[in-house]
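# Structure assessment
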Amino acid sequence: MKRRRLAYCGFYTFAQPNFFILDPELSKRILSKDFQHFTDRCFFVNEEIDPFSAHLLSLKGSQWKLRRNKISPTFTSGKMKMMFETLLNCTKDLRVLMEDFAENYQIFNANEIFERFTIDIIGSCGFGIECNSLRDPNSEFTKYGKKALKEGAWHQFKMNVSIFAPNLFDSFRIPLNSPDVTRFFMNTVKETLRYREENNVVRKDFMHLMIQLKNNVKIENDDNIGELKSKDSGTAVSLTDQQIAAEAFLFFFAGFETSARTLTFCFYELASNMEIQEKLRTEIQNVLAKYGGRVTYDAVMEMTYMQKCISETLRKYPPIPGITRKCTERYKLPDTNVIIEKDVLIFVPISAFHHDPEYYPNPEKFDPERFSSENQFGRHQYAWLPFGEGPRACIGMRFAIMQVKVGLAALLQKYKFSVNSKTQIPFVFDPMHVFLTPKHGIWLNVEKIK
Ligand code: HEM
């Protein structure tokens, strides 16, 4: 279709019509300019059958708008700064583990280690608990967290059916999430809320912000992130314990694997491109020298070459390779006679844009300089969409980038990474996984810098 220079095409999944976008400009219309026609996704949501199905990712229309306005202030740069120390604490165990690998000349599976690292982070910053996944890979939190995402063929089948025929779930009252996973996360959140409220515990994390929302304490939206122009400011509606649990579960679900993958793919490319690794290390060491060797929020924000490396990693390996919208109001494509009818599903193929030589010449090459201001100038803004775009873009982008930056700074400051005979080059992706995942892991060497 692209070779035929089409801006869109269509296909059916059983009886469900899908509209497939091939042009960044058209993506911009649907995701942003004409968003009011495409406000929803196509995920199953029914709070009664499955309490964890009703969260930001799946909520629709005005319910989503209210929730987004309510939660947006918890993701501002001010709140990220506030949580920074909580997040940084999770790097202690990561360094202990690396030290051990380096001393024993032991290769490690970056995919697995970074999953455990981001589970610790989201457990600590999202749920307010120390899950010690780096120290104990079999901890309860890790077990249920992984189960929520990797439940094999039956879960995959349910996920697919929930997209194309969500009504079946309503009719047969089938929950999308396993009852034991729901029970575990629900109990964890309820117990944390109870303990904090009874003991007046204040911790610098999302859970504290959620408790404030529950008690109708107004949280400043310090930099207007994600605030929607709407009369429903969302401030008058408080959150219930169940809604807090559903959002915390979503932060976990949406945050841990995506961020772990970004770290994994970035370390894979750095280990394969020593010059880039050295250049990034030099930046880290120079910036940290100004901050007395300490990794601080301001220090990582100053690391501009690091930002380019992360942007290029997310270009080459977008953890979520495509996004969807549902047409909620009949729409006429501008300057054509084409009508998109209500209920048609829209697909935006992020990974296809990211690998299109029209926007990224020699797309398989890892080149952070694609994200210098000169090279970005002139490229369509919607040709880079790892976090989606428009009012429904990823709310956790800042948090995700902050944890990736902290992981990179903490490790590259002290250790050098390289590939070895067990590293699969190029690696293959696991077709059974929701997010972009290396099928056989990414095995790396680590060496302490003298
Ligand atoms: C590198 C890591 C991450 C990537 C690549 C990523 C990517 C995405 C993408 C592509 C979407 C859909 C956007 C759209 O449809 O336009 C999304 C939505 C979302 N993400 Fe992320 N995400 C990441 C990390 C996180 C984290 C850490 C959190 C929370 C702590 C989070 C929370 C969410 C939520 C709540 C939504 C739904 C927003 C809404 O519909 O209003 N994400 N993410």
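Residues numbered from 1 in each chain as written. Predicted model: local features only at pLDDT ≥ 70, side-chain atom pairs only at ≥ 80, totals over all residues. Heavy atoms only, no water.

As recorded in an unreviewed UniProt entry, the protein chain goes by Cytochrome P450 and comes from Ignelater luminosus.

Here we take up the pairing of strand 9 (residues 443-448). Here strand 3 (residues 108-109) runs beside strand 9; their pairing, made up of two bridges, is antiparallel. Residue pairing in the sheet places F108 in a bridge with L444 of strand 9. Sheet analysis places strand 8 (residues 415-419) next to strand 9, joined by five bridges and oriented antiparallel. Directly across from S418, in strand 9, lies its bridge partner N445. (Pairing = 2+ DSSP bridges. Helix = DSSP H or I, 4+ residues; strand = E, 2+ residues; numbered from the N terminus.)

With that settled, the discussion passes to the sheet that holds strand 8. One open sheet accounts for three strands, arranged 3-9-8; its pairing is antiparallel. Where the open sheet ends on each side, the last strands, each with one partner, are strand 3 and strand 8. Most of the contacts of helix 11 (residues 241-272) go to strand 8, to which it runs at about 80°, and overall it touches strand 8 and strand 9. (Contact = heavy atoms within 4.5 Å. Axes fitted to C-alpha atoms, helices over the stretch in contact; angles between N-to-C directions.)

Let us look at the sheet that holds strand 1 (residues 8-13). Strand order in the open sheet formed by four strands is 1-2-7-4, and the pairing between neighbours is mixed. In this open sheet, the two strands that pair with only one neighbour each are strand 1 and strand 4 (323-326). On average, adjacent strands in this sheet sit at an angle of 25° to one another, irrespective of strand direction. Bridge count between strand 1 and strand 2 (residues 16-21): six bridges; the pairing is antiparallel.

Here helix 11 spans 46 Å end to end across 32 residues, near enough to the 46 Å set by a 1.5 Å rise per residue. Roughly 25° is the biggest bend found in helix 11, and it falls at G255. Counting buried residues along helix 11, 28 of its 32 residues qualify, which places the element largely inside the surrounding structure. (Expected span 1.5 Å × (residues − 1). Bend = angle between axes of the 7 residues up to and from the residue. Buried < 20%, exposed > 50% of the residue type's maximum accessible area, 1.4 Å probe, protein only.)

This part takes up the pairing of strand 4. Neither face of strand 4 is left uncovered, since the one carrying I323 and R325 and the one carrying T324 and K326 both have all their residues buried. As defined by bridge partners, strand 4 adjoins strand 7 (residues 345-348) across four bridges and the pair is classed as antiparallel. Within the sheet, the bridge partner assigned to T324 lies in strand 7 and is F347.

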